[in-house]
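Listed below are the residues making up each chain.
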Amino acid sequence: MPKTLLIPGLDGSPAAHWQQWWALRDPDALLLDLSDVSRPVPAVWEIEVAGAILQHPGAILVGHSLGAILIARLLAKWPHLKVGGAILVAPAEPRHSDRTESFGPIFEESLGVPAYVVSSRNDPWMSFTQAERLARAWRADVVDLGFAGHINVDSGFGPWPGGVVLRDELARRPVPLMPPEQALERAFYRA
């Protein structure tokens, strides 16, 4: 099983969060400790996650909220990173907070890896319609959790074994190859 890198969002993942639960129970999972989770800086978070990917090539990225948006930024700007797949859970619209607006605008192109967007129909951080539109742009499959809020502790999510099932499905899917010239072009224009 490839390493699973769990990427928290704004204010991190508190003790009862499903990311904490996953990290404690799965020896192949690592919850990243990102800098200044209360006042995140996109470039700093990108470098921290890229460093973790370089240490664990082929990892599956599982981001919650702003962590999901960070994954989309990272894969659009650094397509040459070796990533096995991505699960973007409850992506958050950066414009909703002055603490997150520097993560916008949201990149809207193929992630280049097998991916799921896990969304809720009553998420206060992003409408289900916008999440579906982004999933199409990212060429990701949508997982509809119904009325699950922001898929966090406040909406009743502690342990979430369904996330592990999605990760296991992604681990079995082949990663599409990107032609080197396309990877170079994307990296050049996103710097």
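Thresholds applied
- Residues numbered from 1 in each chain as written.
- Predicted model: local features only at pLDDT ≥ 70, side-chain atom pairs only at ≥ 80, totals over all residues.
- Heavy atoms only, no water.
- Helix = DSSP H or I, 4+ residues; strand = E, 2+ residues; numbered from the N terminus.
- Expected span 1.5 Å × (residues − 1).
- Buried < 20%, exposed > 50% of the residue type's maximum accessible area, 1.4 Å probe, protein only.
- Contact = heavy atoms within 4.5 Å.
- Pairing = 2+ DSSP bridges.
- Axes fitted to C-alpha atoms, helices over the stretch in contact; angles between N-to-C directions.
- Parallel < 35°, antiparallel > 145°, perpendicular 65-115°, else oblique.
- Nonpolar A, V, L, I, M, F, W, Y, C, P; charged D, E, K, R; others polar.

Looking at an unreviewed UniProt entry, the chain carries the name Esterase of the alpha/beta hydrolase fold protein, with the source organism given as Cereibacter sphaeroides.

Visitor: Please clarify how helix α3 (residues 66-77) should be interpreted in this entry.
Guide: Note: α-helices contain 3.6 residues per turn, so residues at a spacing of three or four share the same orientation. Between the first and last C-alpha of α3 there are 16 Å, a value that for 12 residues agrees with the 16 Å anticipated at 1.5 Å per step. With 12 of its 12 residues buried, α3 lies for the most part within the structure.

Visitor: Looking at this model, I keep getting lost on the environment of Gln-130. Mind explaining?
Guide: When you line up the elements, Gln-130 lands in helix α4 (residues 128-138). Judged by its relative accessible area of 14%, Gln-130 is buried. Sequence separation between Gln-130 and Pro-91 is 39 residues; the distance between their C-alpha atoms is 9.6 Å. When residues no more than four places from it in sequence are discounted, the contact partners of Gln-130 are Glu-93 and Ile-106.

Visitor: Would you mind showing me how to read the sheet that holds strand β6 (residues 141-144) here?
Guide: Hydrogen bonds between backbone atoms are what pair the strands of a sheet, whose relative direction is either parallel or antiparallel. Read across the open sheet, the six strands follow the order β2-β1-β3-β4-β5-β6; overall the sheet is parallel. The strands lining the two open edges of the sheet, one partner per strand, are β2 (29-31) and β6. Adjacent strand axes in the sheet meet at a mean angle of 20°, parallel and antiparallel pairs treated alike. Note: strand β4 (residues 83-89) against strand β5 (residues 115-119), four bridges, orientation parallel. Residue pairing for β5: Ala-86 is matched across the bridge by Ala-115. Sheet strands in contact with helix α1 (residues 18-25) are β1 (4-7), β2, β3 (59-64) and β4, and its direction is about 150° off that of β3. Contacting β4, β5 and β6, α4 crosses the sheet at an angle of about 175° to β5.

Visitor: Where do I start with the packing of helix α2 (residues 42-55) against α3 in this structure?
Guide: Each pair of packed helices gets described by two things: the angle between the helix axes and the distance between those axes. For the pair α2 and α3, interaxial distance at closest approach is 10 Å and the crossing angle is 75°. Judged by the angle between their axes, α2 and α3 are roughly perpendicular. Residue-level contacts link Pro-42, Trp-45, Glu-46, Val-49, Ala-50 and Ile-53 of α2 to Leu-66, Leu-70, Arg-73, Leu-74 and Lys-77 of α3. Taken together, the residues of the contact of α2 with α3 sort by class into eight nonpolar, no polar and three charged.

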